[in-house]
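Here is what each chain is made of, one letter per residue.
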Amino acid sequence: MLSSVARMHTFLKDSGLRNFRHLGSLKRSDKLCHVLPTFLYINKSYTSAMADSSSLKQIACSTIENRKEELNQLSQKIWCNPELKYEEHQAHDLLTGFLEKERFKVERNHHLPTAFKAIYESGLGVTVAVICEYDALPEIGHACGHNLIAELGVAASLGIKAALEQSNSKLGKLVVLGTPAEEMGGGKIDLINAGAFSDIDIAMMAHPKAFDISRPIALANAIVTVRYRGRPAHASSLPWMGLNALDAAVMCYQGIACMRQQMKPTCRIHGIITNGGAAANVIPELTELEFMVRGPTVVEVEELKKKAIQCFEAAATMTGCTVELEWVPNAYANMVTNSTLISLYEENASKLGWHHHTEGKPELKTSGSTDMGNVSYVVPSIHPFFNIGTDVSNHSRVFTEVAGSPGAQPYTLRAAKALAMTALDVLSQPQLINRIKEDFQKDLETNSS
Ligand SMILES: [Zn+2]
Ligand SMILES: [Zn+2]
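Note that the coordinates shown come from a computational prediction; the quantities given were computed from them, not determined experimentally.

Peer 1: Would you mind showing me how to read the overall build of the protein here?
Peer 2: Looking only at helices and strands, one finds 16 helices and 12 strands in the protein. In the protein, which comprises 449 residues, the share counted as buried stands at 51%.

Here you go:
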C-alpha cells in the first residue's frame, strides 16, 4: 500500500465586502508616504534593516501610485479582449512589451507560447516571483478578474524594481512570471514540470473576489470524464436488445448524489451530463459525464476518488454497459499558504489601513481551486483574495463588469502595494527566508498525512 506521501506525489505527477466601506481606509492608504515616516519615528528600536525596508516600501507604493493610469490601461486592454486558456497571445504581447520598456530582461514564450518571464536582478540574494494571470472564461469574459491579476502583478513588480534600484544594497532578484491557462488548464503545472520554478525562493499573487481573505482554502481538484458504452436498439420495438448507456449515466449521477451524505463537509464533488444520447427513439449507446472531485488536500482527493470510482463502476455493472474514466492530467493541488509570508502581507496591509480577519466563516474561506496550489507545493507561496467593491461571485457576468470598472482600481492597486511591501520585507531581511522555508517543510508534512 502506498504511503500518504507517495500518494500525494502520484497525484501531483498524474496532474503532470462586498461593499464600499473599505474606501474610507483606501483614502488613508493613499497617504502611506506620510504614514511611514511617523511609523519609523515611533518605532525607534527598529533595526537599520527594518528602517531600510520601510523606506523601500515607501518608494514602491509611490511608484505604484504614480503609474496608476498606465497600469489601468494594461488591465483595460486585457479586459476588452478576453482570451481563453493557452490562447492569450495579445495579453502576452502587451505585458511583455510593457516590461521590456521598463528595462526588465524579458523572455517571451517562456516554456509555453503564452507564458513569459521578466527579470530584474540586483545582486545575489533571495529570488521573489510575482505571478500574473490573464486568461478569461468562455462566453463571460474576464469574470474571474484575471485582467486585474495581470495589472497588480505588473504594478507590484514596478514598485519592487524601483525600490531595488534605489536601495544602497544589492538585495536579490525579482522575477515576474506570466502564467497562462489558470481556468481549467493548469498553465502553472506545465511551467512547474518544465522547471520554471526551480530558481525561485518564494512566489506570490493576489486574486480579486467579493471579500478580503488572506488565507483562503483553495481545494485540491481532480477532473474526470466518465464514458459509458452500451448497445443501441429501437427504444420501442426491441428495447430488450439494447444496453442503455443513459441509464448508466443517470445511475452514476444518482450514486454520486447519495454518496454526498457520507462525504466530509470540506469535500466537494459535482458534475454534469455532457452527452445524454442522440435520439429519444434509440437506446443510447454512448453517454458522457464530467465530474470535479475536490478536497482540502491532495491526499483526501485521492481517497474521495476511490469512492467515486466505485459509483462510476457500479452504474456500469447495473446496466451491463462498459465504463471508461479519463482523468485530466493537470490536477490542481490545494493551496498551502505560507504562514510567515502571509503574516507579513497582513501586517503590510494593516499599514495601508486594510485589515484582514484570519478567522473568517469557514464557508466563505472555502473557495474553488487554483493551479497556484501546485506552485505552493513547490515553493513557499501566498494567494490572498481581495475585495474589489462587490458582493457578487466570480464567474458571473456582473463580476465581469466590476473587474473592468474604475471602481476596482483602488482595491487592485492596494493589493499590489501590499504584495510589493511583502516582497521587500523578504528581500531586505534575508533571515526571513529561513523561517519561511521552515514553515514550508512543516506544511508539506502536514498536507501529506
Ligand atoms: Zn476563476
Ligand atoms: Zn481566477
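Peer 1: How do you make sense of the sheet that holds strand 9 (residues 286-295) when you look at a structure like this?
Peer 2: Whether parallel or antiparallel, the strands of a sheet pair through hydrogen bonds between backbone atoms. The 4 strands are arranged 8-9-7-10 in an open sheet whose pairing can be described as antiparallel. The outermost strands of the open sheet, each flanked by one partner alone, are strand 8 (268-275) and strand 10 (322-327). Across this sheet, the average inter-strand angle for adjacent strands is 20°, counted without regard to direction. Docked against the sheet, helix 9 (residues 245-259) engages strand 7 (220-229), strand 8 and strand 9, running at close to 15° with respect to strand 9. Strand contacts of helix 10 (residues 298-319): strand 7, strand 8, strand 9 and strand 10, with the helix running at about 155° to strand 9, the strand carrying the most contacts.

Peer 1: Looking at this structure, I do not really get the environment of A115. What am I missing?
Peer 2: Locating A115 in the fold gives a position in the loop between strand 1 (105-108) and strand 2 (116-122). Among the residues examined, A115 registers 25 C-beta atoms within 10 Å and is labelled buried. Along the sequence, A115 and Y134 sit 19 residues apart, while their C-alpha atoms lie 10.0 Å from each other. Those residues in contact with A115 that lie beyond four places of it in its chain are N109, H110, G178, T179, P180, G187 and L191.

Peer 1: Explain helix 16 (residues 432-447) to me, please; I cannot follow it from the model alone.
Peer 2: Working note: α-helix, 3.6 residues per turn, so residues spaced by three or four point in the same direction. If you check helix 16, its first and last C-alpha atoms are 23 Å apart, about what 16 residues at 1.5 Å a residue would give, namely 22 Å. By the burial criterion, the buried members of helix 16 are I433, I436, F440 and N447. All buried residues of helix 16 project into a common sector of 60° when viewed along the axis, lining one side. In helix 16, the exposed residues that point more than 90 degrees away from the buried face are N434, E438, Q441, K442, E445 and T446. Those residues of helix 16 that are buried lie in contact with strand 3 (126-132), strand 5 (202-204), helix 11 (339-351) and helix 15 (409-428).

Peer 1: Help me understand the environment of F98 in this model?
Peer 2: Relative to the assigned elements, F98 resides in helix 6 (residues 89-101). A residue is classified by how many C-beta atoms lie within 10 Å of it, and F98, with 20 of them, is buried. Between the alpha carbons of F98 and L71 there is a distance of 9.8 Å; along the sequence they are 27 residues apart.

Peer 1: Help me understand the nonpolar core, please; the structure alone is not making it clear to me.
Peer 2: The biggest cluster of nonpolar side chains holds 129 residues, and the ones touching the most others in it are A60, L419 and A423. When we break this core down by domain, the ones giving at least three residues each are domain 1 (4-218 + 335-447) and domain 2 (220-327). Apart from the residues lying within four places of it in its own chain, the contact partners of A423 are V128, V130, A156, I160 and M204.

Peer 1: Teacher, can you tell me more about the sheet that holds strand 4 (residues 172-178) here?
Peer 2: The 6 strands are arranged 1-2-4-3-5-11 in an open sheet whose pairing can be described as mixed. With one partner strand each, in any of the chains shown, strand 1 and strand 11 (381-382) form the two edges of the open sheet. Here strand 2 runs beside strand 4; their pairing, made up of 7 bridges, is antiparallel. By the bridge assignment for strand 4, F116 is matched with G178. Lying on the sheet, helix 15 is in contact with strand 3, strand 4 and strand 5; it crosses strand 3 at an angle near 165°.

Conventions used here
Counting restarts for each chain, with residues numbered from 1 along the sequence as it is written. For naming, the first written chain is A and the first written ligand is 1, with later ones following in the order written. Local features in this predicted model are restricted to residues whose pLDDT is 70 or higher, and side-chain atom pairs enter the listing and the counts only when it is 80 or higher, whereas totals over whole chains, interfaces and linings include all residues. Each helix corresponds to a stretch of at least 4 residues labelled H or I by DSSP, and each strand to a stretch of at least 2 residues labelled E; elements are numbered beginning at the N terminus. Field definition: a residue is buried when 20 or more other C-beta atoms are found within 10 Å of its C-beta, exposed when 12 or fewer are, and partly exposed for counts in between, with C-beta atoms placed from the backbone. We treat two strands as partners when DSSP finds at least two bridges between them. The axes used here are C-alpha line fits, helices contributing only the stretch in contact, and every angle between their N-to-C directions lies in the interval 0 to 180 degrees. We call two residues in contact when their backbone-placed C-beta atoms lie within 7 Å. Helices are assigned an expected span. That span is 1.5 Å times one less than the residue count. What the arc covers is the set of directions going from the helix axis to the C-beta atoms. In this usage, the nonpolar core is the set of buried Ala, Val, Leu, Ile, Met, Phe, Trp, Tyr and Cys residues whose C-beta atoms join them within 7 Å. Domain boundaries shown here were taken from an automatic or database domain assignment.

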